[in-house]
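The lines below spell out each chain.
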Amino acid sequence: MKSALHCESIRHTYGKGDLSVPVLLGVDLEIHAGDRAILTGPSGSGKTTLLCIAGCLLTPSGGCLKIAGEPVTNPGVNELNRLRREKIGFVFQHAQLLPFLSVRENLEIVGRNAGLSLAECRARIHHLLERLEMADHAGKQAAVLSGGQRQRVAVARALLNRPSVVLADEPTAALGWEIGQVVVELLTRHATEEGAGLLVVSHDMRLLPMFNRKFEMDKGTVKEVS
Ligand SMILES: Nc1ncnc2c1ncn2[C@@H]1O[C@H](COP(=O)(O)OP(=O)(O)OP(=O)(O)O)[C@@H](O)[C@H]1O
Ligand SMILES: [Mg+2]
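In short, a report on the structure. (Residues numbered from 1 in each chain as written. Chains lettered and ligands numbered in written order. Predicted model: local features only at pLDDT ≥ 70, side-chain atom pairs only at ≥ 80, totals over all residues. Heavy atoms only, no water.)

**Concerning the packing of aromatic side chains**
What characterises a pair of aromatic rings is the spacing of the ring centres plus the angle enclosed by the ring planes.
Then comes step 1: According to the stated counting rule, one finds 1 aromatic pair in the structure shown.
Then comes step 2: Taken together, a centroid distance of 4.6 Å and an interplanar angle of 35° make the contact between Phe-90 and Phe-92 tilted.
Then comes step 3: Accessibility expressed as a relative area gives 12% for Phe-90, which makes it buried.
Then comes step 4: For the cation-ring pair, Arg-206 lies above Trp-177, with the distance from its terminal atom to the ring centre recorded as 4.1 Å. (Phe/Tyr/Trp six-rings, centres within 6.5 Å; stacked < 30°, edge-to-face > 60°. Buried < 20%, exposed > 50% of the residue type's maximum accessible area, 1.4 Å probe, protein only. Lys NZ or Arg CZ within 6 Å of the ring centre and 35° of its normal.)

**Observations regarding the site of ligand 1**
Then comes step 1: Around ligand 1, the neighbouring residues are Tyr-14, Val-23, Pro-42, Ser-43, Gly-44, Ser-45, Gly-46, Lys-47, Thr-48, Thr-49, Glu-170 and His-203.
Then comes step 2: Contact between ligand 1 and Ser-43: an oxygen atom at 2.6 Å from a side-chain N or O atom of the residue.
Then comes step 3: The separation between an oxygen atom of ligand 1 and a polar side-chain atom of Thr-48 is 2.8 Å.
Then comes step 4: A total of 640 Å² of accessible area belongs to ligand 1 in isolation, and the protein chains cover 58% of it.
Then comes step 5: Per element, the largest residue contribution to the shell around ligand 1 is 3 residues, and it comes from helix α1 (residues 47-54).
Then comes step 6: Partitioning the shell around ligand 1 into residue classes produces 3 nonpolar, 7 polar and 2 charged. (Near = heavy atom within 4 Å. Polar contact = N/O pair within 3.5 Å; in protein donor to acceptor, adjacent residues only side chain to side chain. Areas by Shrake-Rupley, 256 points an atom, 1.4 Å probe, with all protein chains shown as cover. Helix = DSSP H or I, 4+ residues; strand = E, 2+ residues; numbered from the N terminus. Nonpolar A, V, L, I, M, F, W, Y, C, P; charged D, E, K, R; others polar.)

**Quick notes on the layout of surface pockets**
Then comes step 1: There is about 510 Å³ of room inside the largest pocket.
Then comes step 2: As for the largest pocket, its lining consists of 19 residues, and the residues nearest its centre are Arg-84, Phe-90, Phe-92, Val-110 and Arg-157.
Then comes step 3: Breaking the lining of the largest pocket down by element, the ones donating at least two residues are α2 (77-86), β6 (88-91), α3 (103-113) and α5 (147-159).
Then comes step 4: The biggest single contributor to the lining of the largest pocket is α3, with 4 residues.
Then comes step 5: Classifying every residue of the lining of the largest pocket gives 9 nonpolar, 7 polar and 3 charged.
Then comes step 6: Quantified by volume, the second largest pocket comes out at close to 220 Å³.
Then comes step 7: Forming the boundary of the second largest pocket are 15 residues, of which Thr-59, Pro-60, Val-72, Asn-74 and Pro-75 lie nearest the centre.
Then comes step 8: With 4 residues, the top contributor of residues to the lining of the second largest pocket is strand β4 (residues 62-67). (1 Å grid on protein atoms, 1.4 Å probe; cavity = no way out; pocket = protein on both sides within 12 Å on 5 of 7 lines; lining within 4 Å. Points joined across faces, edges and corners; volume = space filled by probe spheres on them.)

Here it is, written out as structure tokens:
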């Protein structure tokens, strides 16, 4: 089976000396192409830390990381930027859109940056916004959207470049149950249809049936649960 995300003995400690906080003590995790995985665990257990490492936003203290089979070892800034642009889709807990730009402009920046032609980029944006029931809002400034609308745009942004790995940190935390389901459904459908590996951090146990693999943070490591 094709690997989307491979973590081997990933360790991470924040700070140094007396002030150091060891968070990840050796995480092993394999997400295959097409997997829909959920990661749960207590507050402060290191879920966001792990997701940031997997998303190449944070360099781990140790261990081996591969994205879509490609090792991420001592990469330079350009290499990390390329991986993030081409292989990784990241949904933050709060959408983090550029508030003064329209929905369409927020998405075009990312699509064009990932190397899509303008025509391709617009077609893909239209398709994703339709699916998220956001097509009517494409011309609106991000600042005037509701929390749920913003998060749907953030999901469209993460899926725009057809990433091999999609990482989402509590993507439904700011949303009501119904729209939260729509958002997770779009993420899982992307994984199934495009053969991406999906890893969602969530506390919402109602979402469990939408995933085929379940993981828990446990004392600095990750274990798979049935
Ligand atoms: N930049 C940082 N510097 C120092 N310590 C940090 C930093 N970021 C996180 N931590 C600490 O690392 C631990 C893990 O944090 P992390 O945010 O990964 O947990 P989490 O499982 O995502 O928690 P939550 O469910 O509350 O979001 C916590 O003890 C936190 O205080
Ligand atoms: Mg967190």
